[in-house]
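Residues per chain, in single letters:
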Amino acid sequence: MHVQTYAPMFMLFVAATAIATLFFTLATVLGPSKPSAEKSLPFECGSDSDGAQHVRLSVKFYLTAILFVVFDIESVFVYPWAIQFRSLGWMGLASMMGFLLVILVGLVYAWKKGALEWET
Amino acid sequence: MTIGQVYFYLCAAVALFGALAAVCAKSPVRAALGLLMMVLAVAGLYLSLDAQFLAAIQLIVYAGAIVVLFVFVLMLLGHTPLVGVGDGSPAARILGATGFGAVALAAMILSARNAEPTNFPAALPAGFGSVGEIGRLMFTQTLVPFELSSALLMVAVVGAVAVSKGEKPVIVAAASVLAPPGAAPKPGESQ
Amino acid sequence: MMPSILALMPMLVIGFGALALMLAEVLTDAKTGLAVGTAVVLFTAAAFACAGWMVGPENLGDAAVFAPWLVFDRFTLFFEVLLALSGALAALVAGGYLREHGIDRGEFYAILSFSTLGAMMLAAAGDVLMLFVGLETMSIGAYALAGFRRGSPKSAEGALKYFLLGSFAAALMMFGFALLYGATGHTDLAGLHNALASESLRSPSIVIALALVLAGLAFKVSAVPFHMWTPDAYEGAPTPATAFMAASVKAGGFAVLLRVLLTVFGDERSASWATGWPPVVALLAVLTMTVANLVAGRQESIKRMLAYSSIAHAGYLLVGVVAAIRAPAQAQSAVLFYLATYSVSTIGAFAALVLCGSRGAEVVSYEDLAGLGRRHPAVALPFAFFILSLAGMPPMAGFFGKWFVFKAAMDAGLHGLTVIAFINSVIAAYYYLKVFVFLYMREPAAGAPIAKPMWSGEVVTAIALCAFFVLLLGLAPGAVLDAALAVGGAG
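Please read these numbers as outputs of a predicted model, since none were measured by experiment. (Residues numbered from 1 in each chain as written. Chains lettered and ligands numbered in written order. Predicted model: local features only at pLDDT ≥ 70, side-chain atom pairs only at ≥ 80, totals over all residues.)

1. Focus on the overall build of chain A
Here is step 1 of the chain: Scanning chain A for helices and strands turns up three helices and zero strands.
Here is step 2 of the chain: Going from N to C terminus, chain A has its helices and strands arranged as α-α-α.
Here is step 3 of the chain: Across the 120 residues of chain A, 18% fall into the buried class. (Helix = DSSP H or I, 4+ residues; strand = E, 2+ residues; numbered from the N terminus. Buried ≥ 20, exposed ≤ 12 C-beta atoms within 10 Å, placed from the backbone.)

2. Quick word on the overall build of chain B
Here is step 1 of the chain: If you tally the helices and strands in chain B, you get six helices and zero strands.
Here is step 2 of the chain: Along chain B, from the amino end to the carboxyl end, the secondary structure elements read α-α-α-α-α-α.
Here is step 3 of the chain: For chain B, buried positions account for 25% of its 191 residues.
Here is step 4 of the chain: Long-range pairs, those at least 24 residues apart, make up 54% of the contacts in chain B with a sequence separation of at least 6. (Contact = placed C-beta atoms within 7 Å.)

3. Quick word on unusual backbone geometry
Here is step 1 of the chain: Backbone torsion omega between Val224 of chain C and Pro225 of chain C reads 5°, so that peptide bond is classified as cis.
Here is step 2 of the chain: Here the phi dihedral of Asp50 of chain B falls at roughly 65°; this positive angle occurs in a residue that is not glycine.
Here is step 3 of the chain: Within the fold, Asp50 of chain B resides in the loop between helix H2 (28-48) and helix H3 (52-77).
Here is step 4 of the chain: Among the residues examined, Asp50 of chain B registers 17 C-beta atoms within 10 Å and is labelled partly exposed.
Here is step 5 of the chain: Its identity is not glycine, yet Ser222 of chain C carries a phi of approximately 50°, on the positive side.
Here is step 6 of the chain: Among the secondary structure elements, Ser222 of chain C is positioned in the loop between helix H8 (205-220) and helix H9 (229-236).
Here is step 7 of the chain: Taking the number of C-beta atoms within 10 Å as the measure of exposure, Ser222 of chain C has 29 and is therefore buried.

4. Points about the interface of chain C and chain A
Here is step 1 of the chain: Between chain C and chain A, the residue contacts involve five residues of the former and six residues of the latter.
Here is step 2 of the chain: Of the residues in the side of chain C that touches chain A, the class split is five nonpolar, no polar and no charged. (Nonpolar A, V, L, I, M, F, W, Y, C, P; charged D, E, K, R; others polar.)

5. Here we look at the domain arrangement of chain A
Here is step 1 of the chain: Looking at the assigned domains, one finds that chain A contains domain 1 (1-30) and domain 2 (57-120).
Here is step 2 of the chain: Relative placement of domain 1 of chain A and domain 2 of chain A: their C-alpha centres are 37 Å apart. (Domains from an automatic or database assignment.)

6. What to know about the packing of helix H12 (residues 302-323) of chain C against helix H13 (residues 328-356) of chain C
All names here are of chain C.
Here is step 1 of the chain: Two elements in contact, H12 and H13, have axes whose closest approach is 9 Å; the angle formed by their N-to-C orientations is 170°. Here H12 is positioned roughly antiparallel relative to H13, judged by the angle of their axes. Contact with H12, carried on its side by Ile302, Leu306, Ser310, His313, Tyr316, Leu317, Gly320, Val321 and Ala323, involves Ala331, Ala334, Val335, Tyr338, Leu339, Tyr342, Thr346, Ala349, Phe350 and Leu353 of H13 and no other residues of that element. (Axes fitted to C-alpha atoms, helices over the stretch in contact; angles between N-to-C directions. Parallel < 35°, antiparallel > 145°, perpendicular 65-115°, else oblique.)

7. Quick notes on the environment of Leu306 of chain C
Residue and element names in this part refer to chain C.
Here is step 1 of the chain: Of note, Leu306 is situated in helix H12.
Here is step 2 of the chain: Note: C-alpha distance between Leu306 and Phe350 (44 residues apart in sequence) is 8.5 Å.
Here is step 3 of the chain: The residues touching Leu306, leaving out its near neighbours within four places in the chain, are Ala349 and Phe350.

8. With respect to the nonpolar core
Here is step 1 of the chain: Ranked by internal contacts, the top residues of the largest apolar core, which has 247 residues, are Val158 of chain B together with Val93, Leu145, Val322, Val335, Ala351 and Cys466 of chain C.
Here is step 2 of the chain: The element best represented in this core is H13 of chain C, accounting for 19 residues.
Here is step 3 of the chain: For Val158 of chain B, the contacting residues outside a window of four places in its chain are Tyr109 of chain A together with Met22, Glu107, Ala110, Ile111 and Phe114 of chain C.
Here is step 4 of the chain: Formed by 16 residues, the second largest nonpolar core is a distinct cluster that contains Tyr7, Leu47, Val71 and Phe72 of chain B. (Core = buried A, V, L, I, M, F, W, Y, C linked by C-beta atoms within 7 Å.)

9. Focus on the confidence of the model for chain B
Residue and element names in this part refer to chain B.
Here is step 1 of the chain: Per-residue pLDDT for chain B has a mean of 77; in total, 75% of the residues score no lower than 70.
Here is step 2 of the chain: Predicted confidence for residues 170-191 stays below pLDDT 50, and this span has 31 contacts to residues more than four positions away or in other chains.
Here is step 3 of the chain: In the predicted assembly, ipTM is 0.89 and pTM is 0.90. (pLDDT = per-residue confidence, 0-100.)

10. Looking at the environment of Asn59 of chain C
Residue and element names in this part refer to chain C.
Here is step 1 of the chain: Turning to its location among the elements, Asn59 is positioned in the loop between helix H2 (34-55) and helix H3 (74-100).
Here is step 2 of the chain: The exposed category is assigned to Asn59, around which 12 C-beta atoms lie within 10 Å.
Here is step 3 of the chain: In the structure, Asn59 is positioned 55 residues away from Ser4 in sequence and 9.4 Å away in space, judged by C-alpha atoms.

11. Considerations on the packing of helix H2 (residues 59-83) of chain A against helix H3 (residues 85-112) of chain A
All names here are of chain A.
Here is step 1 of the chain: The geometry of H2 relative to H3 is characterised by a closest axis approach of 10 Å and an angle of 170° between their N-to-C directions. In terms of orientation, H2 lies roughly antiparallel with respect to H3. Residue-level contacts link Leu67, Glu74, Phe77, Trp81 and Ala82 of H2 to Phe85, Gly92, Met96, Phe99, Ile103 and Ala110 of H3.
Here is step 2 of the chain: Residue composition of the contact of H2 with H3, grouped by class: nine nonpolar, one polar and one charged.

12. Things to note about H3 of chain C
Residues and elements named next belong to chain C.
Here is step 1 of the chain: Here H3 is 27 residues long and its end C-alpha atoms lie 39 Å apart, about the 39 Å a rise of 1.5 Å per residue gives.
Here is step 2 of the chain: Its axis deflected by about 30° at Ala94, H3 carries its strongest bend there.
Here is step 3 of the chain: With 26 of 27 residues buried, H3 is to be regarded as a mostly interior element.
Here is step 4 of the chain: The first or second residue beyond H3 is Gly102, which carries a positive phi of 65°. (Expected span 1.5 Å × (residues − 1). Bend = angle between axes of the 7 residues up to and from the residue.)

Here's what the structure looks like:
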């Protein structure tokens, strides 16, 4: 059990939560509250709000997000390799280059297919 | 109770709460946030198992990328509350959930009671869970699955391009970002 | 070093071939050659797997460097040949179909190749980690192929159902393997087998693990009651993708099912009728055959009928799996041989179905087939031919497939199960013969839309190859049967 090693980190969490809770509580308790019909109207930069509450996003967001996940996972693999770069030697370099080559083909493919372009 | 046990039960409770929220929440965005809570708590559990790298990856990939992807997909679908979804009767759903839950619970209790960790090392090997040790293992022992997992990543890239590019769907999304606001009211939008 | 490279060659050829196809598609304008290119890549892979077979896995000694991740025995090599050939035939069908229907996007071929690679990894997997990587590579490709026809709501619906249920099934299976790991401390299949076979280990969680793994596997081979996604996914997918799912994905599923049930759970206790999986699999087999055949007879759509037919064939295959408890070698060979006959017959049927229709005049329902035998005998004949093979008529491959599976079941003493399987294949004749009635004995109603055949060299080549294999396996099954028996003997 080495969770104790991370005690400072958890203390930071606790402090952050405590401060946020404190401010919210103080604002709720001390702040004046005079609701009126005018105040509870939706506010949109001064103009009347219009349209549906939730807009549908384009499928482009999905493609971008999934490509991000794929290359994110690639970077996850590269990191431990980089740590062990010297001790793994040429074999490790070749293994990683083989992997990266495949991913590179994927990148070229996505690029040429226009998957990285926003305006199509 | 040691501090370790307190920590475990805290993380486990948060994970369970998040998972329940993900399943039970009516609003999909709340469900996604419940999932995020679960992911964070599980990362905390990894930390207590000396798997620091895994905990970090859990945060970067799951909390950072996959939950974000979920939220994107929810926005693609236009997030209407999940009311009346599914044509099964409530009884069938409750029965299914209870049945599966009972099996899962029985599995956990039985595994816990009959734990025979014969093949597990008594002490952790040096450097267990550290980034360097994982890198060494990945490029020596598990090199074959590592290299072949590139095929998995590739099929994901090409598959994503295949289902989201190409010819336009016949039913164009009713209210895309480009459509003028209010042009296409969606069913179930009563506000 | 050389022999170990030879063992890996089929996978390497497909992997790098798929990458080359991706680059060729985006860097050049070679749209038309992609189908043929994919077929060449996959045929090459099949040739390398055959070469590995000739050399013999026992001489691929250095292939042990891939242990425990990949196992290169005759079982793996048999599946590699089968999967590569199925993939190549499906790619050829796609070449004609996608062009005709205006969805000629090169992604199809790359996905098909990677998915085939995933199925090969699945067949070769010697470790749960590898098994999962292979399963996901195969399945994600199949989900994308099912949803390939972006313009069609049916395609989207089928793909979504397939994806959600498939992911859930994979999760169940992983839960099962996690419990196994907890009970034994092993993730390699051989180690799991040894741990389960040892008398000391009697953890009840193993039973739950078995149930979960079995549910996941049953989903992948679309056994009733885990078949709900199949008709929708098969109907919505472009027809070549349907052929690929019905042949390759199902073969991949059976590869892992055999590996897991006969290797991991192949010990005395797990594989016995009283205390193990055989009664459960037998029940699955009976349900699968009966429900699928009864529902298939009520379908209006030809593709849905073929989808239920493929479910029913999974049922016959499961009968063979159950027979493996008494005569493992014989039953396993029968299942492998059946898979070979079923794959070529079903791809042939879908290829002929593609040829029967053209853009805007596809064959959807039985009505569309009315009078086709008289109007266009050249395309009606191949369809009738492959339907006969699926029905298991004597000179065709399908007959010998059924024969060996039923014989294996009889030899294993499963008389009741064999009788049920036999009755089912008689019921199945009803909906297969219905195709003949419409092809040759009906005329289309006045003013009804009629199907117009298309022409495509690729599809015709695929049909010719399928017909060749169907006749080969039907008239001279010796060579392939010997190969299947060699697998059983070695395993």
